Amino acid sequence: MSSKITRRRFIGRSFSLGAGAFLFRGFSLSAGPQKGMTPLVITSHTNQTGQAALEKGWSLLMEGKTALDAVEKAANVIELDPEGTGVGYGGLPNEEGIVQLDASIMDGRTYSAGSVACLENIKTPCSVARIIMEETDHVMMAGNDALKFAKKWGFKEENLLTEKARKIWLRWKTEISKSDDWGLPDHLRGLKKKKINNRMSEEIQYRTGTTNVLAVDKNGDIAGVTTTSGLSFKIPGRVGDSPIIGAGLYVDNEVGAAGATGRGEDVIKCCASFYIVMRMKEGRTPQQACEDAVALIAEKYKNINPKFMPGEKFIAVNKRGEVGCTSTRGRRPARLSLQTAEGYSVYEGTKGSSR
Ligand code: ASP
C-alpha cells in the first residue's frame, strides 16, 4: 500500500466481473443505436453482488411487480452486503468513524421521489426513502430525525460499521497525515514500517462506490434508486449527490432514468442525472446523454482549471431499454450490468466525452 492516501484515490475504482457474465460493448457516438429491450433492470455495480441484485430485481419484474419494487429490492441486496464498502451496511465511515448513508428513490409512474441524507444505523436507506416518498408529502429527510422516522416505521437500529470497514478507517486515520498524533510515535516515523509493525504489511483495499439501480417494467414504467455511504472519511454531516433528486438520480416516465456515482460535489453542481434525462428527451441516446454530462462538467471548468476533471460515472436507460454509461477516470471504459429476457450481461460504455 502506498503511504499517502487521499480521498480522490478511492473514486473511480472498478470491480471485477461476476462469474458467468458476458460482455457486450456499448455503441458510442460513431456506432449506430443499440438494440433496446424491456423489461430490464440495470445497475452500476458489475461485481457478483450487482449480479445477485439484478437477479432479485428481475425475479420481481417477472412476477409482474413494478419497476419501483424491482429497484428497491435489488438495491437492498447491495445495501445489505457487508463486503461492499461503498453502500449501506459495511460502508466506509465518515472521518469520525460513523457510517452516514445517503439514498434516493424515484417512481416515474407517479412522479414521486423520496430521499434520506446522513442516515445512521439503518441498513437499507433506500427503503426509508421509499417510505418518505409513499407515506408523507415530503421528499427529503436528514440525520437524527430521519432515523427517528425510520424507527417509527419499524426499521431496526443496528451498528453499520463492520470490522472490515473499521480497520480501513483506522488505517486511514493513522496514515492520512504525518503531522498529527495518529500513527507511529515520532521517533519511529520514517523507519521501515514492516520492521516496526507487522500489521502495516497487510494489504487493505480502499474503495468507495455508490450504486444506481434503474428499471423499466412490463408496463413501460420506470424507477430508480441511488444509495451510498458517500465519500469515504467525509466530514460529518456532508451530504453528497445521491439523495439529491436530479443530481444522483432522476427518472422521467416518458423518457428514461439516469444515476451518478463519483465525486458528488460536481454531480450536484451540474444536476447531472436531470441533465442526462433531459438530453435523452431531446433525442440523445443514453450513451450520448451520459457523455454530454461529462462534456458539461469539462465546459464549466475550461476557463477556471482546464486540467480539473472530477472522477464520475454516469449510467442511463431510456424507455426503449437502451442503456449507456461513461466515466471520467480509470484505465478502461465504464461498465454497467443489466438483466433482460436474454439474461445477465455487462455493457461497456465509454470513458469521457466524445464531444
Ligand atoms: N457520489 C457519492 C458521493 O459523493 C460517492 C461515490 O459515488 O462514491 O457521496
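Preceding this paragraph is the structure being described.
Residues numbered from 1 in each chain as written. Predicted model: local features only at pLDDT ≥ 70, side-chain atom pairs only at ≥ 80, totals over all residues. Heavy atoms only, no water.

**Q** Outline the pairing of strand β6 (residues 211-216), supporting the account with residue identities and numerical values.
**A** Counting buried positions along β6 yields six of six residues, so the element is predominantly enclosed. Side-chain alternation along β6 places Thr-211, Val-213 and Ala-215 on one buried face and Asn-212, Leu-214 and Val-216 on a second face that is also buried. Across four bridges, strand β2 (residues 40-43) lies against β6 in antiparallel orientation. Within β6, the position partnered with Ile-42 by the bridge is Leu-214. Inspection of the sheet shows β6 paired to strand β7 (residues 222-228) by six bridges, in the antiparallel sense. Bridge pairing in β7 places Val-213 opposite Val-225. (Buried < 20%, exposed > 50% of the residue type's maximum accessible area, 1.4 Å probe, protein only. Helix = DSSP H or I, 4+ residues; strand = E, 2+ residues; numbered from the N terminus. Pairing = 2+ DSSP bridges.)

**Q** How would you sum up the pattern of salt bridges? Please name residues and give values.
**A** Under the definition given, this model contains 19 salt bridges. Put simply, Arg-238 and Glu-265 hold a salt bridge, and the shortest N to O gap is 2.9 Å. Pair noted here: Arg-238 is in the loop between β7 and β8 (249-252) and Glu-265 is in helix α7 (residues 264-269), with a separation of 27 residues, a long-range link. Where salt bridges share partners, they join Asp-69, Glu-72, Lys-73, Arg-130 and Glu-134 into one cluster. (Salt bridge = Lys/Arg side-chain N within 4 Å of Asp/Glu carboxyl O.)

**Q** Go over the site of the ligand with me, naming the residues and quoting the values.
**A** The environment of the ligand is made up of 11 residues, and the closest members are Thr-210, Arg-238, Asp-241, Gly-262 and Gly-264. Contact between the ligand and Arg-238: an oxygen atom at 2.7 Å from a side-chain N or O atom of the residue. One nitrogen or oxygen atom from the main chain of Gly-262 is found 2.6 Å from a nitrogen atom belonging to the ligand. In isolation the ligand exposes 260 Å². Once the protein is present, 98% of that is buried. (Near = heavy atom within 4 Å. Polar contact = N/O pair within 3.5 Å; in protein donor to acceptor, adjacent residues only side chain to side chain. Areas by Shrake-Rupley, 256 points an atom, 1.4 Å probe, with all protein chains shown as cover.)

**Q** Any chance you could break down the pairing of strand β10 (residues 312-318) for me, citing the residues and the numbers?
**A** Counting buried positions along β10 gives seven out of seven residues, so the element sits mostly inside the fold. Alternating positions in β10 separate into two faces, Glu-312, Phe-314, Ala-316 and Asn-318 on one and Lys-313, Ile-315 and Val-317 on the other, with burial throughout. Bridge analysis of strand β9 (residues 256-262) against β10 gives seven bridges, and the strand direction is antiparallel. Directly across from Ala-260, in β10, lies its bridge partner Phe-314. Taken together, the five bridges between β10 and strand β11 (residues 323-327) define a ladder with antiparallel strand orientation. The residue bridging Ala-316 from the neighbouring strand is Gly-324, located in β11. Count of turn residues in the β10/β11 antiparallel hairpin: four residues, of which Gly-321 carries a positive phi of about 90 degrees.

**Q** Explain the packing of aromatic side chains to me, and be specific about the residues and the numbers.
**A** Two numbers describe a pair of aromatic rings. These are the distance of the centres and the angle of the planes. Inspection of the entire model under this criterion finds four aromatic pairs. With a centroid separation of 6.2 Å and an interplanar angle of 50 degrees, the aromatic rings of Phe-149 and Trp-153 are classed as tilted. Relative accessible area serves as the criterion here: at 41%, Trp-153 is assigned to the partly exposed category. When the ring of Tyr-301 is compared with that of Phe-308, the centres are 4.8 Å apart and the planes differ by 80 degrees; the resulting orientation is edge-to-face. One cation-aromatic arrangement involves Lys-123 over Tyr-89; the distance from NZ or CZ to the ring centre is 4.1 Å. (Phe/Tyr/Trp six-rings, centres within 6.5 Å; stacked < 30°, edge-to-face > 60°. Lys NZ or Arg CZ within 6 Å of the ring centre and 35° of its normal.)

**Q** Account for the side chain of Thr-328, naming residues and giving values.
**A** By the element assignment, Thr-328 lies in the loop between β11 and β12 (335-340). A distance of 2.6 Å separates the side chain of Thr-328 from the backbone oxygen of Pro-310, its partner in a polar contact. Only 2.8 Å separates the side chain of Thr-328 from the backbone nitrogen of Glu-312, close enough to count as a polar contact. In this structure Thr-328 touches Val-294, Met-309, Pro-310, Gly-311, Glu-312 and Lys-351, once residues within four positions along its chain are discounted. (Contact = heavy atoms within 4.5 Å.)

**Q** A description of the packing of helix α1 (residues 48-62) against helix α2 (residues 67-79) should follow, citing residues and the corresponding values.
**A** Axis separation between α1 and α2 bottoms out at 8 Å; the angle between their running directions is 155 degrees. Judged on the interaxial angle alone, α2 and α1 are roughly antiparallel. Considering how the two elements wind past one another, α1 and α2 form a crossing that is right-handed. Contacts between α1 and α2 involve Thr-49, Gly-50, Ala-52, Ala-53, Lys-56, Gly-57, Leu-60 and Leu-61 from the former and Ala-67, Asp-69, Ala-70, Lys-73, Ala-74, Val-77 and Ile-78 from the latter. (Axes fitted to C-alpha atoms, helices over the stretch in contact; angles between N-to-C directions. Parallel < 35°, antiparallel > 145°, perpendicular 65-115°, else oblique. Left-handed = near helix turned anticlockwise from the far one by under 90°.)

**Q** So what's going on with the state of the cysteines? Which residues, and what values?
**A** Per the counting criterion, the structure on display carries zero disulfides. Cys-290 supplies the cysteine sulfur nearest to Cys-325, a cysteine that is in no disulfide, at a spacing of 6.8 Å. Residue class for Cys-325 comes out buried when judged on its relative accessible area of 0%. (Disulfide = S-S within 2.5 Å.)

**Q** Give a description of the sheet that holds strand β14 (residues 350-351) that names residues and reports values.
**A** The strands making up a sheet associate through backbone hydrogen bonding, with each pair oriented either parallel or antiparallel. Taken together, the five strands give an open sheet; going across it, the order is β8-β9-β10-β11-β14, and neighbouring strands pair in mixed fashion. The sheet terminates laterally at β8 and β14, the two strands that pair on one side only. Strands β8, β9 and β10 of the sheet are contacted by helix α8 (residues 272-281), whose axis makes an angle of about 145 degrees with β9. Across the sheet, helix α9 (residues 286-301) touches β10, β11 and β14, and the angle it forms with β11 is around 25 degrees.

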